[in-house]
Amino acid sequence: MSAIDDLPPLREVIRQHGLSARKSLGQNFLLDLNLTARIARAAAPLDDCTIVEIGPGPGGLTRALLALGARRVIAIEHDERAIPALQDISARYPGRLDIVHGDAMTFDPRPRLEGQKAKIVANLPYNIATQLLINWLTIEPWPPWYAMMVLMFQREVGERIVAREDEEAYGRLGVLANWRAETKILFDIAPAAFVPPPKVTSSVVRLVPRADPLPCDRRILEQVAAAAFGQRRKMLRQSLKSLGVDPARLAQAAGVDATRRAETIPIAGFVAMARELADIRDET
């Protein structure tokens, strides 16, 4: 018997359904049900909550979410081999697991949410994790359809998500993530907890959408951040030239000197530069 329910241990589930992890799908299965329960608890409260899970695989996190009280889990799984294992979980928790055999990159859960906010909780496949996050952070209109994300990434990606100015990992992703959400690394998980073990440590990151991010055009903010960090070792007066405007004017709008580098500019500074760039374009 497992620690959270009376379903078989995950190793037995993997053996029974032939679920050897595939590198092409970015799969690393987390088999420790105590850890999956810890991830599920990080999204608390779960009672009366709908969870969207990406890449459930053999269902360790799915089981933890349901056992700890999630009203409903919408599980999006691309690997058809995992569907029978998920169906076993559905039979154990009747009416609470909605299995979607599809691609998380294109699947829109909103029609299934009945107008209610959901939470996204997932051990994301490493090969699409960053792009999925960017997709969720660039949803329009804002605030989005989810109230929280609790996601697992490679530690390096997690550090980029939560990074702020003057931190080594600060870059375009940190600007976007922290402009639109409150971010925090909750805990790390060692490679040995996975099958197969990845070469790097993983981090569980929580992102809570900001109801009112600093106002600016999101696309222009992304353009400014891309230009600034595209040549991150150069001063703004050089790196921002690719935007086709006077870099000094953008820097002045942010209240910083054009000799500063991107990694020293706070998010509010990038927002100010984005708003100034929008004004300049409106003038022409």
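Read on for an overview of the structure. All values derive from a computational prediction rather than experimental measurement.

This paragraph deals with the pattern of salt bridges. In total, this model carries 17 salt bridges according to the counting rule given. Taking the shortest distance from any N to any O, the salt bridge between Asp6 and Arg92 comes out at 2.6 Å. Remark: Arg92 occurs in helix H4 (residues 83-92) and Asp6 occurs in the segment before helix H1 (10-17); sequence separation between them is 86 residues. Judged by its relative accessible area of 49%, Asp6 falls in the partly exposed class. A residue is classified by how much of its surface remains accessible, and Arg92, at 34% relative accessible area, is partly exposed. Here Arg72 and Asp98 are joined by a salt bridge, their closest N and O atoms 3.1 Å apart. On the criterion of sequence distance, the pair formed by Arg72 in strand S3 (residues 72-77) and Asp98 in strand S4 (residues 97-101) is long-range, its members being 26 residues apart. Residues participating in the shared-partner salt-bridge network are Glu140, Arg180, Arg218 and Glu222.

Between two aromatic rings, the relevant description is the distance of the centres plus the angle of the planes. This structure, assessed with the given rule, holds five aromatic pairs. Ring geometry for Trp145 versus Tyr146: centroids 5.4 Å apart, planes at 85°, classification edge-to-face. Taking relative accessible area as the criterion, Tyr146 reaches 1% and is therefore assigned buried. Taking the centre distance of 6.5 Å and the plane angle of 65° together, the rings of Tyr170 and Phe270 count as edge-to-face. Of this pair, Tyr170 sits in the loop between helix H6 (155-162) and helix H7 (172-180) while Phe270 sits in helix H11 (residues 267-283), and the two are 100 residues apart along the sequence. Per residue, the accessibility class of Tyr170 equals that of Phe270, and both read buried. The ring of Phe187 carries Arg38 above its face, with NZ or CZ at 3.9 Å from the centroid. The ring of Tyr93 has Arg92 lying over it, and the distance from NZ or CZ to the ring centre is 4.7 Å.

Time to look at the nonpolar core. Core analysis: the biggest nonpolar cluster contains 63 residues, and Trp136, Leu151, Leu207 and Phe270 have the highest contact counts within it. If sequence neighbours within four positions are ignored, Phe270 has contacts with Tyr170, Val175, Leu221, Val224, Ala225, Ala228, Phe229, Ala262 and Ile265. If you look at the next biggest cluster of nonpolar residues, it comprises 32 residues, including Leu65, Val73, Leu86 and Ile89.

Turning our attention to the side chain of Asp5. Along the chain, Asp5 falls in the segment before H1. A polar contact of 3.0 Å, which involves the side chain of Asp5, links it to the backbone nitrogen of Leu7. A polar side-chain atom of Asp5 sits 2.7 Å from a polar atom in the side chain of Arg63. Beyond its immediate stretch of four places on either side in the chain, Asp5 contacts Arg63, Arg92 and Tyr93.

The strand order S4-S3-S2-S5-S6-S9-S7 describes an open sheet built from seven strands, whose pairing is mixed. A single partner strand is all that each edge strand has here, and the edge strands are S4 and strand S7 (181-189). Strand-to-strand twist of the sheet, defined as the mean angle between neighbouring strand axes without regard to direction, takes the value 20°. For strand S2 (residues 50-54) and strand S5 (residues 118-123), the ladder comprises three bridges, and the chain directions are parallel. What sits directly across from Thr50, in S5, is Ala118. Lying over the sheet, helix H2 (residues 33-41) contacts S5, strand S6 (146-154), S7 and strand S9 (202-209), oriented at roughly 165° with respect to S7.

Here is what the cut-offs are and how they apply
Residues numbered from 1 in each chain as written. Predicted model: local features only at pLDDT ≥ 70, side-chain atom pairs only at ≥ 80, totals over all residues. Heavy atoms only, no water. Salt bridge = Lys/Arg side-chain N within 4 Å of Asp/Glu carboxyl O. Helix = DSSP H or I, 4+ residues; strand = E, 2+ residues; numbered from the N terminus. Buried < 20%, exposed > 50% of the residue type's maximum accessible area, 1.4 Å probe, protein only. Phe/Tyr/Trp six-rings, centres within 6.5 Å; stacked < 30°, edge-to-face > 60°. Lys NZ or Arg CZ within 6 Å of the ring centre and 35° of its normal. Core = buried A, V, L, I, M, F, W, Y, C linked by side-chain atoms within 4.5 Å. Contact = heavy atoms within 4.5 Å. Polar contact = N/O pair within 3.5 Å; in protein donor to acceptor, adjacent residues only side chain to side chain. Pairing = 2+ DSSP bridges. Axes fitted to C-alpha atoms, helices over the stretch in contact; angles between N-to-C directions.

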